[in-house]
Amino acid sequence: MRKPVRAVVAAVAAACAVVLIPVQSEAAEYSSALKIRGVQYDAPGRDSNSCSSGNTDEEYVTIKNYSSTTTVNLRNYVIKDAAGNRFVFRADHYLQPGDYVKLRGGNGTDSDKNNVVYRDNCNFLWNNDRDTIYLYKPSGSPADSHSYTRSGSDADGNGYVSFHG
């Protein structure tokens, strides 16, 4: 009678091992052509969110299309920080394979030619000490995310962190 019990225990253990495999693989990269390439989380100079004379336009996140064949429209993609502050790309902005866009703070004119989109908001989005950046697809599923700390991620202290080459 012990042999059938051992067989059942072995089957249960095997089933548990199969269940654990997907849980362990959740840390894998998201399946997305768009990735967060880097962030200028601390604008050079003294932080000032004045719309007329501030430097929020010097704070930006770069999003790159890493696909070698697919053009991606940024319309309805969402970028968020850990506190839930968010920006939704409301207009069409096409990223060709290998192309990128800098999402800047402040006000300005969006330009495909200059690879820039402005948030039209003069408040800083990224924290200077630490934050997490999330990029979501229009469907709401995650495209990419990265966390940084000033002390652990920014070796040269210039306020910029690179995530993907």
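Every value quoted in this text rests on a predicted model; they were computed, and no experiment measured them. (Residues numbered from 1 in each chain as written. Predicted model: local features only at pLDDT ≥ 70, side-chain atom pairs only at ≥ 80, totals over all residues. Heavy atoms only, no water.)

Caption draft 1: Representation of the sheet that holds strand β2 (residues 60–65). As summarised here, the arrangement of the five strands in space is β8-β7-β2-β1-β11, forming an open sheet in which the pairing is mixed. In the strand order of this sheet, the two ends are held by β8 (116–118) and β11 (160–162), each with one partner. Averaged over all pairs of adjacent strands, the angle between strand axes in this sheet comes to 25°, irrespective of strand direction. Bridging between β2 and strand β7 (residues 100–104) involves five bridges; their strand directions are antiparallel. Bridge pairing in β7 links Lys64 to Tyr100. (Pairing = 2+ DSSP bridges. Helix = DSSP H or I, 4+ residues; strand = E, 2+ residues; numbered from the N terminus. Axes fitted to C-alpha atoms, helices over the stretch in contact; angles between N-to-C directions.)

Caption draft 2: Summary view of the state of the cysteines. Applying the stated rule across the entire model yields one disulfide. With its sulfur 2.1 Å from that of its partner, Cys51 forms a disulfide with Cys122. Taking the torsion about the S-S bond as the criterion, the Cys51 to Cys122 disulfide, at about 120°, is right-handed. Taken together, the residues Cys51 in the loop between β1 (34–40) and β2 and Cys122 in the loop between β8 and β9 (130–136) connect sequence positions 71 residues apart. Cys122 gets classed as buried once you look at its relative accessible area, which sits at 7%. (Disulfide = S-S within 2.5 Å. Buried < 20%, exposed > 50% of the residue type's maximum accessible area, 1.4 Å probe, protein only.)

Caption draft 3: Local environment of the sheet that holds strand β10 (residues 142–149). Read across the sheet, four strands follow the order β5-β4-β9-β10 without closing on themselves; strand pairing throughout is antiparallel. Edge positions in the sheet fall to β5 (86–88) and β10, since each has one partner strand and no second. The mean angle between the axes of side-by-side strands here comes to 10°, regardless of whether they run parallel or antiparallel.

Caption draft 4: Representation of the pairing of β2 within the structure. With respect to burial, β2 is a largely interior element, six of its six residues being buried. Burial along β2 is two-sided: the face carrying Tyr60, Thr62 and Lys64 and the face carrying Val61, Ile63 and Asn65 are both buried. Of the strand pairs in this sheet, β1 and β2 are connected by six bridges, and their pairing is antiparallel. Among the inter-strand pairings, Ile36 is bridged to a residue of β2, identified as Ile63.

Caption draft 5: Fine view of the environment of Val88. Residue placement: Val88 occurs in strand β5. Exposure remark for Val88: the relative accessible area of 12% places this residue in the buried category. As for Val88 and Arg75, which are separated by 13 residues in sequence, their C-alpha atoms are 7.8 Å apart. Ignoring any residue separated from it by four or fewer positions in sequence, one finds Val88 in contact with Asn76, Tyr77 and Val78. (Contact = heavy atoms within 4.5 Å.)

Caption draft 6: The arrangement of the packing of aromatic side chains in detail. Here the structure, examined in full by the defined rule, presents four aromatic pairs. Taking 6.3 Å as the distance between ring centres and 40° as the angle between the ring planes, the aromatic pair formed by Tyr60 and Tyr160 counts as tilted. Separated by 100 residues along the polypeptide, Tyr60 in strand β2 and Tyr160 in strand β11 bring together distant segments of the chain. For Tyr60, a relative accessible area of 12% gives the class buried. Residue classification places Tyr160 among the partly exposed residues on the basis of a relative accessible area of 24%. When the centroid spacing of 6.2 Å and the interplanar angle of 20° are considered together, the rings of Tyr134 and Tyr136 count as stacked. Taking the relative accessible area as the measure of exposure, Tyr134 reaches 28% and is therefore partly exposed. (Phe/Tyr/Trp six-rings, centres within 6.5 Å; stacked < 30°, edge-to-face > 60°.)

These figures capture arrangement, not role.
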